[in-house]
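# Architecture and fold: a report
One-letter residues, chain by chain:
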Amino acid sequence: MVHVFKTYPSQISALSDITLEISSGEFTFVAGPSGSGKSTLLRILSCAEKPTRGEVVVDGVQITHPDFTKIHQLRRRMGIVSQDFKLLRDRTVNENVAFALEVTGHTRREAKGKASDMLRRIGLKEREDAPILALSAGEQQRVAIARAMVNSPSLILADEPTGNLDAKTTLDVMGIFSDLNHQGTTIVFATQFTGLIKRFPYRLIPILNGQVSDGKKVDTDEVREVKAGE
Amino acid sequence: MTFFLQYVMRRAFQNMMGNLFPNLITIGIIAVSILIFSTFTLLAFNLTNFLKIWEDKIEVIAYLKRGTPSSEVEPLLDRTRLLEGVEIVRYVSPYDAMNFMETKLGGQKNLLQGIQPALLPPSFEIQLKKDYRNPAKIDEVVGHLRETAQFEEIQYGQEWVDAFSALVHTLRLTQWILGGLLLIAIVFITSNTLQLTISSRREEIEVMHWVGAGPGFIRVPFYVEGLIQGLLGGGLAILFLYLLHQGLLLHIPPSMQAWLAKVPILFLPPETIAWILLGGTVLGFFGSFVASTRVLRYK
Ligand SMILES: Nc1ncnc2c1ncn2[C@@H]1O[C@H](COP(=O)(O)OP(=O)(O)OP(=O)(O)O)[C@@H](O)[C@H]1O
Ligand SMILES: [Mg+2]
């Protein structure tokens, strides 16, 4: 993305002049304190939000081009874990994961089977038929992750996917993300949790007040904390 | 393709079941609207049919002046036959007229005692060619007949036919005006129910957007829902109309039955039924289309 600005209608400037490139196959942390613009950045990448200014190219497609309309085709190559899960409360765990496949042209049986596999992988196989509301926040988060991964996307945009997980499941989930990354999946991972960044030696894009911070321009405790991962 | 159909039907069915009450109300209102429209259609259809039968039977009777010498009858007959639009001309002599009246009066034929056949005027019964059995053409033929001096009076049921066809005209007009209003009503109501369905599926639609479901996968189930509402509403309306029609036939007083034997009360012909069902379906579809352009924006 090149010189991207995002100003919300309320005149809150969430991103200003962000320029960055994430290569295919890379695992990237986007880190910064609450309100720094991580979600906004990911929402722009997933075409959920249009930048106020600037150009964005995702997977070779210029999504800021006025003629760009095939959002759904691009989204099928993406797995999105949103900060607020966006699970369907009146469906079971398996149905939630299978839903992603069913509405993108897979048969019901196929969808159910693949969803089962993915849930096994993420450690929720036993809870497969439970209604979503019977799950803890951490379990719901893992369902959201399973749904993002079930259609084997080439890019995963995960917004604080470990925000509600305990230390052990966080590591499990990180393990899954790492595996996927080894298999070639590009991963953009937003977090404010510095422990993770210290632990996993992936590329870090620190964000502060809507700007990519190089640690020199602004020198606050928060940045030092973020930079601690490097 | 079959998979997509299965998917669409399943989703449409789920949506309808999830919003059963509004759906039933909608189908009910569509059914009532279409029932009103098709009742008028049926009425107009039967009256038109009646009018046709009636017009088919129309005859012009030209009474000759009393005492027209029989030597003049033959050439006059020939001349009348040659008139444009005339198919058959039958000469009814005073004796024939007498006989006819006698059979008509049956047991009361003594009423005719003392009446001399010669008192009755001889007449020509003129049957017109099929194309001439309508108001404008009849007037044309009658005009020609009036030019013949030997005809004293010319009778035909034209006034009645005119009045009746004016009635049918009004009915048809009412049918279409009403149809127009109901059409708007149906689109309005299906679009409203569909907006309800769509907003109750807001979360699902959002997830569908997230996971990259194509517009077809998101929209077509709603279109199908509107379509089904229209079709079911139309079907119910036709069913009710049929029951009504049957019930009416059963309750016709015997005194009218003999008369009606000549003029059957028909039900709508299959192609009209098909048109009405198709109309309902298209309107339902259109309603859901309106709803989805109003509330389903692709994000
Ligand atoms: N829809 C919105 N309308 C208006 N302002 C918004 C909207 N979304 C975010 N913002 C504002 O933009 C700024 C960046 O928000 P963003 O959600 O990107 O932060 P974040 O880094 O994801 O924070 P967190 O770690 O708490 O999730 C914040 O000041 C926020 O208040
Ligand atoms: Mg956020």
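Note that this is a predicted model, so its numbers are computed, not measured.

## Overview of the nonpolar core
Among the nonpolar cores identified, the biggest contains 62 residues, and F29, I122, V143, M149, F177 and F189 of chain A together with Y7 of chain B are the most heavily contacted of them. Excluding anything up to four places from it in sequence, Y7 of chain B contacts E102 and V103 of chain A together with M208, F217 and P221 of chain B. Ranked by size, the runner-up nonpolar core spans 26 residues in total, among them V60, A62, L76 and F124 of chain B.

## Regarding the domain arrangement of chain A
All names here are of chain A. In terms of domain boundaries, chain A breaks down into domain 1 (2-77 + 153-228) and domain 2 (87-152). Listed by partner, the interface residues are 17 residues for domain 1 and 12 residues for domain 2. Here domain 1 and domain 2 share an interface that buries about 1200 Å² over both sides, 63% of which is from carbon and sulfur atoms. Ranking the residues of domain 1 by area buried against domain 2 places R76, P153 and I176 at the top, with a combined share of 44%. Summed over the shared surface of domain 1 and domain 2, the number is zero salt bridges. Between the two partners, domain 1 and domain 2, sit four residue pairs in polar contact (both at pLDDT 80 or more). At six residues, the largest contribution of residues to the side of domain 1 that touches domain 2 is made by helix α6 (residues 167-182). In the side of domain 1 that touches domain 2, the residues fall into eight nonpolar, six polar and three charged.

## Focus on helix α3 (residues 70-82) of chain B
V73, L76, L77 and T80 of chain B are the residues of α3 of chain B that are buried. Against the buried residues of α3 of chain B lie β1 (59-64), β2 (86-92), β3 (123-128), α5 (135-146) and β4 (151-155) of chain B.

## A look at the pairing of β1 of chain B
Residue and element names in this part refer to chain B. Here β1 shows a buried face lined by V60, A62 and L64 and an unburied face lined by E59, I61 and Y63. Pairing geometry for β1 and β3, over five bridges, is antiparallel. Residue pairing in the sheet places E59 in a bridge with Q127 of β3. When β1 meets β4, the two strands line up antiparallel, connected through four bridges. Bridge assignment links L64 to a residue of β4, and that residue is F151.

Definitions and cut-offs
- Residues numbered from 1 in each chain as written.
- Chains lettered and ligands numbered in written order.
- Predicted model: local features only at pLDDT ≥ 70, side-chain atom pairs only at ≥ 80, totals over all residues.
- Heavy atoms only, no water.
- Core = buried A, V, L, I, M, F, W, Y, C linked by side-chain atoms within 4.5 Å.
- Buried < 20%, exposed > 50% of the residue type's maximum accessible area, 1.4 Å probe, protein only.
- Contact = heavy atoms within 4.5 Å.
- Domains from an automatic or database assignment.
- Buried area = accessible area lost by both parts, 1.4 Å probe.
- Salt bridge = Lys/Arg side-chain N within 4 Å of Asp/Glu carboxyl O.
- Polar contact = N/O pair within 3.5 Å; in protein donor to acceptor, adjacent residues only side chain to side chain.
- Helix = DSSP H or I, 4+ residues; strand = E, 2+ residues; numbered from the N terminus.
- Nonpolar A, V, L, I, M, F, W, Y, C, P; charged D, E, K, R; others polar.
- Pairing = 2+ DSSP bridges.

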